[in-house]
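# Secondary and tertiary structure notes
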Amino acid sequence: MNSEILQPLGMADTTLRPTPEQQKRLAQGHSRAGQDAPRWPVFAWYAAGGLRSTAQDMISFGEANLGHKEVNGKPVSAELIAAMQLAQKPIHPIPNGNKQVMAWVNNMGRGNPNLHPVIVKNGGTSGFGTVIAINPTKDAAIFIGTNQVGSQPAAKGVEILRHLP
């Protein structure tokens, strides 16, 4: 991950093991009632909420997923762009009209031909909700991170990308 994605994209603040300086900047998660949520036991769930990142790094990831040949002043290899585009190709229809891809979901706008697909990856842990969404047709990426359970950032991200000119 470090040598294939994070370093080439200049994503210095994305890690499984935050430094002491990065740990000082970690947000506190909250329950629906606004109470502090316990820290997620990362050691047990590296594949589910284990990465810690910043909004800037996530936008860099979004730019690369859009196929930008340069991110953070660094060239993005054709191989990395091809791998990211392959990961966005639909492989299985979902009953709601969307399409499942490797780790993303293609939000197809419920079949509305006037809506371009928005490619979405959301997640959440105890006290947090996140989404990174891209709209290749509009060359736009959005990242939303919230520190309260139940905030529905994925729906908001899709809505914002749908309303861009």
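Notes on the structure in this doc start here. Note that residues are indexed from 1 along each chain, following the sequence as it is written. For this predicted model, a pLDDT threshold of at least 70 governs which residues receive local features, and a threshold of 80 or more governs which side-chain atom pairs are given and counted, while totals over whole chains, interfaces and linings are taken from all residues. Note that water and hydrogens are dropped before the side-chain values are worked out from all heavy atoms of the structure.

## Observations regarding the overall build of the protein chain
Selection criterion: In this text, helices come from DSSP runs of H or I with a minimum length of four residues, and strands from runs of E with a minimum of two, each type numbered from the N-terminal end. Here the globule rule is a power law, 2.2 Å times the number of residues to the power 0.38, and the radius of gyration is based on C-alpha atoms. When a residue's accessible area, from a 1.4 Å probe over protein chains only, is under 20% of the maximum for its type it is buried; when over 50% it is exposed; and in between it is partly exposed. In what follows, a contact means two residues having at least one pair of non-hydrogen atoms within 4.5 Å. Just so you know, the count uses Lys and Arg for positive and Asp and Glu for negative, and it drops His and the chain ends. Here the site of a charge means atom NZ of a Lys, CZ of an Arg, CG of an Asp or CD of a Glu.
What the protein chain contains, in helices and strands, is 5 helices and 8 strands. Starting at the N terminus, the α and β elements of the protein chain follow one another as α-α-α-β-β-α-β-β-β-β-β-β-α. Compactness check: the protein chain gives a C-alpha radius of gyration of 16 Å against a globular reference of 15 Å for 165 residues, within 12% of the reference. Seen through its principal axes, the protein chain has C-alpha atoms that stretch 45 × 40 × 30 Å. Here the protein chain, with 165 residues, has 33% of them falling under the buried criterion. Sequence-distant contacts, at least 24 apart, represent 43% of the contacts inside the protein chain between residues at least 6 apart. Side chains of the protein chain give 15 positive and 10 negative charges; the mean places of these two sets differ by 9 Å.

## Side note on the sheet that holds strand 7 (residues 128-135)
Keep this limit in mind: When DSSP finds two or more bridges between two strands, those strands count as paired.
If you trace the 6 strands from one edge of the open sheet to the other, you get 3-4-5-6-7-8, paired in antiparallel fashion. One side of each edge strand has no neighbouring strand; the edge strands of this open sheet are strand 3 (92-93) and strand 8 (140-146). Two elements, strand 3 and strand 4 (residues 99-100), share 2 bridges in a ladder whose sense is antiparallel. Bridge pairing links Pro 93 to Lys 99 in strand 4.

## Here's the deal with unusual backbone geometry
A negative phi angle characterises most non-glycine residues, just as the trans form characterises most peptide bonds. Notably, Asp 139 is not glycine yet its phi reads approximately 50 degrees, a positive angle. Mapped onto the elements of the fold, Asp 139 is located in the loop between strand 7 and strand 8. Overall, Asp 139 belongs to the partly exposed group, its relative accessible area being 43%. Even without being a glycine, Gln 152 presents a positive backbone phi close to 55 degrees.

## Quick look at the side chain of Thr 15
Checked against the element boundaries, Thr 15 lands in the loop between helix 1 (2-6) and helix 2 (20-24). For Thr 15, the contacting residues outside a window of four places in its chain are Gln 22, Gly 50, Leu 51 and Arg 52.

## Concerning the nonpolar core
This is how it is decided: We define the nonpolar core as a collection of buried residues of types Ala, Val, Leu, Ile, Met, Phe, Trp, Tyr and Cys that are connected through side-chain atoms lying within 4.5 Å of one another.
Counting 10 residues, the largest nonpolar core consists of Val 118, Val 120, Val 131, Ala 133, Ala 140, Ile 142, Ile 144, Ala 154, Val 158 and Leu 161. Mapped by element, the contributors of at least two residues to this core are strand 6 (118-125), strand 7, strand 8 and helix 5 (153-163). Not counting the four nearest positions on each side in its chain, Val 118 is found in contact with Val 105, Asn 106, Asn 107, Ala 133, Ile 134, Asn 135, Val 158, Leu 161 and Arg 162. In terms of nonpolar packing, the next biggest core, distinct from the first, is built from 9 residues, Leu 6, Met 11, Ala 64 and Ile 81 among them.

## Let's talk about the packing of aromatic side chains
Condition: Centres within 6.5 Å are what make two rings of Phe, Tyr or Trp a pair, Trp counting through its six-membered ring; a difference in plane orientation under 30 degrees is then read as stacked, over 60 as edge-to-face, and the rest as tilted.
A complete count under the given rule lists 1 aromatic pair for this structure. Taken together, a centroid distance of 6.4 Å and an interplanar angle of 5 degrees make the contact between Phe 61 and Trp 104 stacked. Taken together, the residues Phe 61 in helix 3 (residues 55-65) and Trp 104 in the loop between strand 4 and strand 5 (105-107) connect sequence positions 43 residues apart.

## Section: the side chain of Thr 146
Among the structural elements, Thr 146 can be located in strand 8. With residues near it in sequence (within four places) discarded, Thr 146 still touches Gly 127, Phe 128, Gly 129, Ser 151 and Pro 153.

## Re the environment of Thr 15
We apply this condition: Think of a polar contact as two N or O atoms within 3.5 Å of one another; within protein, one of them needs to be a possible hydrogen donor and the other a possible acceptor, and neighboring residues in sequence only count if both atoms come from side chains.
By relative accessible area, Thr 15 is classed as buried at 19%. A sequence separation of 14 residues divides Thr 15 from Met 1, and the C-alpha atoms of the two residues are 9.5 Å apart. Engagement of the side chain of Thr 15 in a polar contact is seen with the backbone nitrogen of Arg 17, the distance being 3.1 Å.

Honestly, that's just the spatial picture; any functional story needs more than this.
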